[in-house]
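For reference, the chains in residue letters:
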Number of protein chains: 2
Amino acid sequence: MNVKFTALVDRIRTLILSKSDQELIDVIDGLHPADVVDVLESLTDSEIEALFSVIPDDTAAAILGELDLDDQADIVEALGVRRSSQILKEMDSDDAADLIGELPKEDRDELLNAMNSEGEDVRELLQYEEDSSGGIMTTEFVSIKSDWTVGQTLAHLRHVAPEAETVYYLYVVDADDRLVGVVSLRELVVADLHAGIEQIMNRNVRSVHVDADQEEVVQVFKKYRYLALPVVDDDGVLTGLITADDILDVAEEEATEDIQKLAGIVPVDKPYFSTRLSELFKSRIVWLMVMFLAQSVTGAILERFSETMRSVIELTFFIPLLIDSGGNAGSQAATTVIRGLAVRDIRLKDLSKVLWRELALGLALGGAMAGVAFIRATFVGGGFAIPIIVSISVLVIIIMATAVGALLPVCATVLKMDPATMSAPLITTIMDALGLTMYFFIARAVLQV
Amino acid sequence: MNVKFTALVDRIRTLILSKSDQELIDVIDGLHPADVVDVLESLTDSEIEALFSVIPDDTAAAILGELDLDDQADIVEALGVRRSSQILKEMDSDDAADLIGELPKEDRDELLNAMNSEGEDVRELLQYEEDSSGGIMTTEFVSIKSDWTVGQTLAHLRHVAPEAETVYYLYVVDADDRLVGVVSLRELVVADLHAGIEQIMNRNVRSVHVDADQEEVVQVFKKYRYLALPVVDDDGVLTGLITADDILDVAEEEATEDIQKLAGIVPVDKPYFSTRLSELFKSRIVWLMVMFLAQSVTGAILERFSETMRSVIELTFFIPLLIDSGGNAGSQAATTVIRGLAVRDIRLKDLSKVLWRELALGLALGGAMAGVAFIRATFVGGGFAIPIIVSISVLVIIIMATAVGALLPVCATVLKMDPATMSAPLITTIMDALGLTMYFFIARAVLQV
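Residues numbered from 1 in each chain as written. Chains lettered and ligands numbered in written order. Predicted model: local features only at pLDDT ≥ 70, side-chain atom pairs only at ≥ 80, totals over all residues.

**Regarding the overall build of chain A**
Argument step 1. Within chain A, the regular secondary structure consists of 24 helices and 6 strands.
Argument step 2. The C-alpha radius of gyration of chain A comes to 30 Å, more than 25% above the 22 Å expected for a compact globule of 449 residues.
Argument step 3. The dimensions of chain A, computed from C-alpha atoms along their principal axes, are 90 × 60 × 45 Å.
Argument step 4. When each of the 449 residues of chain A is scored for burial, the buried share is 45%.
Argument step 5. Summarising the internal contacts of chain A: among those between residues at least 6 apart in sequence, 71% fall at separations of at least 24. (Helix = DSSP H or I, 4+ residues; strand = E, 2+ residues; numbered from the N terminus. Rg over C-alpha atoms; globule rule 2.2 N^0.38 Å. Buried ≥ 20, exposed ≤ 12 C-beta atoms within 10 Å, placed from the backbone. Contact = placed C-beta atoms within 7 Å.)

Set out below in structure tokens:
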């Protein structure tokens, strides 16, 4: 595989350098666009530019659509407006809109104007929010009229099929272009040629509003297992189509965003190597700094109890253990609830059920850990005071951590915030302050100091 | 919406209790199976059982397929072998296999025998690993022979379309059932009726092996944007089909698994409320306990430096701040690299590039935090010794944390382990020990004690 791949890259490079255009076109046409992208990674910028100036528009469009957005933008900038507009006209309108949205403002209009009517479609798509239905839909869908026959529809399909992004679902509109039904290509193929579309269409067609959040769209796809979903405007007019292959990207993007938030990173929506170091810095420093400043509280708590620590220095040995255990148990609960909310396993109405379960879990986890902590602490020496203090503290801290971890994401949801902002670092910091306070109060009570 | 839904539940309940079977069937048939599932959540077990004994087999199969696996198993157990086998025969074979895999061993065979030939298909599917291609594929695909014509194929389709899970891609096999090509329904519809399949088929058909890992399958779908992907055995014989709608579930499952691992939870592959408390306990206690025991190291480190702490008790105030900052910065780096590896933004060959970027980031993050730490520490009083110690420690700890966080997931990958096991709690614990050691060495050096 790897040897074959290297040979392929070498062959393509040779063809580019020797300007063997027709042969190059033949080789590229024999590959899947996604595989061409792998080859591009091994070529220089000028070789890539030479390749794109030779291959046909539609091939170039298909390859461009598979690249990361910032690589797409680089190539378009390098090719210039004339060549780029030819290629962009052949791209799916949703992909073209994503690409043009990535360009500097001054280049956008020039390119859109050069794209003529296709430019208008893209201009329309650009006005929608990036993470809404409108931002991920394509305008290359097949709509058919409710008063056509099956035969008429099949004839129409022969014309439009090459342009459309999917023809497996045909959306039926009335005279005002309002969505009224759907016919699958499967049903069409087995239907009588003279039957009317109105007779065979399914009137129970589900659609999403053009302003709906993309996360909601993922849930609709997941629930109903669609291959495509039509998008309508306020008047119910069919304006676009979202296909299942795009949804996989959206779902992955949403998961990545949640994972970053859980780790206290401000989400970056670009691949790692396409993100500048300054952007990575900004995405990480925010929460690091917030947590750092919030740690002033733990500093103040320790300062307040410094006399207790000085007289029983053994108490300090357990500080990392206690605050980390609290942080870990809290993060586990928070992560479970946050993911449960994201994939709709947990709903807001389940709040009290979740809290009871987590409290029971906290009690069990805390109990088990308290037992181990007691044994562990006896090794420090100095009688039973330390083991008693540490084990009671572990029990209390784990129960509190589990409850806080489960509760915060739910509170965030109630306050219309993203539950994933209740990150592990945040919960750890909160548990540090709560845990240390509990620890020293328990220590003072037991030691009578 | 909510009022309408409550009215629907009431209506269905009334129809069940009054045994108005035909009316009940009509209402259910008018709903999407996924919507019926929402209604089931509001019904009692006996009402659900009554519903399933009345509705047609194929409707029951479609509804059952939308439920969580353990709810499916409960219903099948309640309905008994005879009724269950009728319904299961109508299910997609991949869904039926998932369901039967959930049942106790003794019930499986009885049910499979009652399903006759459909039972054989399912029995075959059950032998594959749950998270392999074989475990997620269906056997209801349409295969056509390479020597047929377009017309013959369309006639064949009219017969088999109702049974197949998807007819949008037709897989072409030779006389030995080996996969040799693919024709899309879209191409078929616009082709000449007398053309041979061999002339119009695409020979460049991509397939996955029946033992391939499901995560690999997700990546193939993501890369090539397929709606379906054929599965072949060692001899290249077509044995199954994976469809895009199932891939969305798999991708979400894999993301959930990674998220759980990152939070130090042993993955649970069931929805929150379907997981028993004892299972949740087990999934969380493992890492909590491991980290707890690993914290013995930090205890020992603090014990070793107890004299330093006793003489300069102010040093203890910064312990939570330092170890948390290290844990946070390390988790950020680890999470970034782990997710990058999972979505293939980062590859093993990028190792040195990743390390350089993270080191540069660590230096920038550490520098910024050290500045703030210096100012913060001056408020504690006692001259410049403490601010100097704390700020140098922060710088060193953040750089180390970022490097360790980036390196560990890569090491895990090299050792053929899942990088996501390098969880935030694990990195936090490692950074606790490293960070405290650095802190006290720096403190001793500066204080000359």
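**Let's talk about the sheet that holds strand 2 (residues 169–173) of chain A**
Residues and elements named next belong to chain A.
Argument step 1. Spatial ordering of the open sheet is given by 1-2-3, a layout of 3 strands whose pairing is mixed. Taken across any chain shown, the strands that pair with only one partner, and hence form the sheet edges, are strand 1 (143–145) and strand 3 (179–184). In this sheet, adjacent strand axes meet at a mean angle of 35° when their direction is disregarded.
Argument step 2. Pairing between strand 2 and strand 3: 5 bridges, direction antiparallel. For Y169, the partnering residue across the bridge sits in strand 3 and is S184. (Pairing = 2+ DSSP bridges. Axes fitted to C-alpha atoms, helices over the stretch in contact; angles between N-to-C directions.)

**Some thoughts on the relation of the copies chain B and chain A**
Argument step 1. Aligned on chain A, chain B shows an RMSD of 0.0 Å; the corresponding rotation is 180° and the shift along the axis is 0.0 Å. Both copies are brought into coincidence by an operation consistent with a two-fold rotation axis. (Least-squares fit on C-alpha atoms with pLDDT ≥ 70 in both.)

**As for the interface of chain B and chain A**
Argument step 1. Tallying the contact residues gives 88 residues for chain B and 88 residues for chain A.
Argument step 2. Here the side of chain B that touches chain A gets 14 residues from one element, more than from any other, and that element is helix 21 (residues 319–342) of chain B.

**Some details on the domain arrangement of chain A**
Accessible area lost when the parts come together is the quantity often used to give the size of an interface.
Argument step 1. You can read the domains of chain A as domain 1 (2–127), domain 2 (143–247) and domain 3 (295–447).
Argument step 2. Each of domain 1 of chain A and domain 2 of chain A was reduced to a C-alpha centroid, and the two centroids are 30 Å apart. (Domains from an automatic or database assignment.)

**As for the sheet that holds strand 5 (residues 228–232) of chain A**
Residues and elements named next belong to chain A.
Argument step 1. One open sheet holds the 3 strands; their spatial order is 4-5-6, and the pairing between them is mixed. If you trace the sheet from one side to the other, it starts and ends with strand 4 (208–209) and strand 6 (238–243), each paired once.
Argument step 2. Contacts from helix 15 (residues 214–224) reach strand 4, strand 5 and strand 6 within the one sheet, and its direction differs from that of strand 5 by about 135°.
Argument step 3. Contacts from helix 16 (residues 244–262) reach strand 5 and strand 6 within the one sheet, and its direction differs from that of strand 6 by about 70°.

**Observations concerning helix 1 (residues 2–17) of chain B**
Residues and elements named next belong to chain B.
Argument step 1. Compared with the 22 Å implied by 1.5 Å per residue over 16 residues, the 23 Å span of helix 1 between its first and last C-alpha is a close match.
Argument step 2. Among the residues of helix 1, I12, L15 and I16 are the ones counted as buried. Around the axis of helix 1, the buried residues are gathered within 100° of arc, so they sit on the same side. Turned more than 90 degrees away from the buried face of helix 1, the exposed residues are N2, V3, T6, A7, D10, T14 and L17.
Argument step 3. Summarising the contacts, the buried residues of helix 1 are in contact with helix 2 (21–29), helix 3 (33–40) and helix 4 (45–54). (Expected span 1.5 Å × (residues − 1). Arc of directions from axis to C-beta.)

**Considerations on the environment of L179 of chain B**
All names here are of chain B.
Argument step 1. As for its placement among the helices and strands, L179 is situated in strand 3 (residues 179–184).
Argument step 2. By C-beta crowding, L179 is classed as buried, having 20 other C-beta atoms within 10 Å.
Argument step 3. Once the C-alpha coordinates of L179 and V205 are considered, the two residues, 26 residues apart in sequence, prove to be 8.2 Å apart.
Argument step 4. Contact partners of L179, with chain neighbours within four places excluded, come to Y171, V173, V205, S207, P230, V232, G236 and L238.

**Brief notes about unusual backbone geometry**
Argument step 1. Here R344 of chain A, not a glycine, exhibits a phi torsion of approximately 65°, which is positive.
Argument step 2. In this structure, K19 of chain B takes a positive phi of about 55° despite not being glycine.
Argument step 3. The topology assignment puts K19 of chain B in the loop between helix 1 and helix 2.

**With respect to the pairing of strand 6 of chain A**
All names here are of chain A.
Argument step 1. Burial of strand 6 is extensive: 6 of the 6 residues sit out of reach of the surface.
Argument step 2. Bridging between strand 5 and strand 6 involves 5 bridges; their strand directions are antiparallel. Looking at strand 6, one finds that V232 is bridged to L238.
Argument step 3. Hairpin connection, strand 5 to strand 6: the antiparallel pair is bridged by 5 residues, and G236 has positive phi, about 80°.

**Some words on the packing of helix 21 (residues 319–342) of chain A against helix 21 of chain B**
Argument step 1. The interhelical angle for the contact between helix 21 of chain A and helix 21 of chain B, taken along N-to-C directions, is 50°, at an axis separation of 11 Å. When the axes of helix 21 of chain A and helix 21 of chain B are compared, the pair comes out oblique. Once helix 21 of chain A is placed against helix 21 of chain B, the crossing between them reads as right-handed. The segment helix 21 of chain A lies against helix 21 of chain B, with I319, P320 and I323 of chain A engaging I319, P320 and I323 of chain B.
Argument step 2. In terms of residue class, the contact of helix 21 of chain A with helix 21 of chain B is made up of 6 nonpolar, no polar and no charged. (Parallel < 35°, antiparallel > 145°, perpendicular 65-115°, else oblique. Left-handed = near helix turned anticlockwise from the far one by under 90°. Nonpolar A, V, L, I, M, F, W, Y, C, P; charged D, E, K, R; others polar.)

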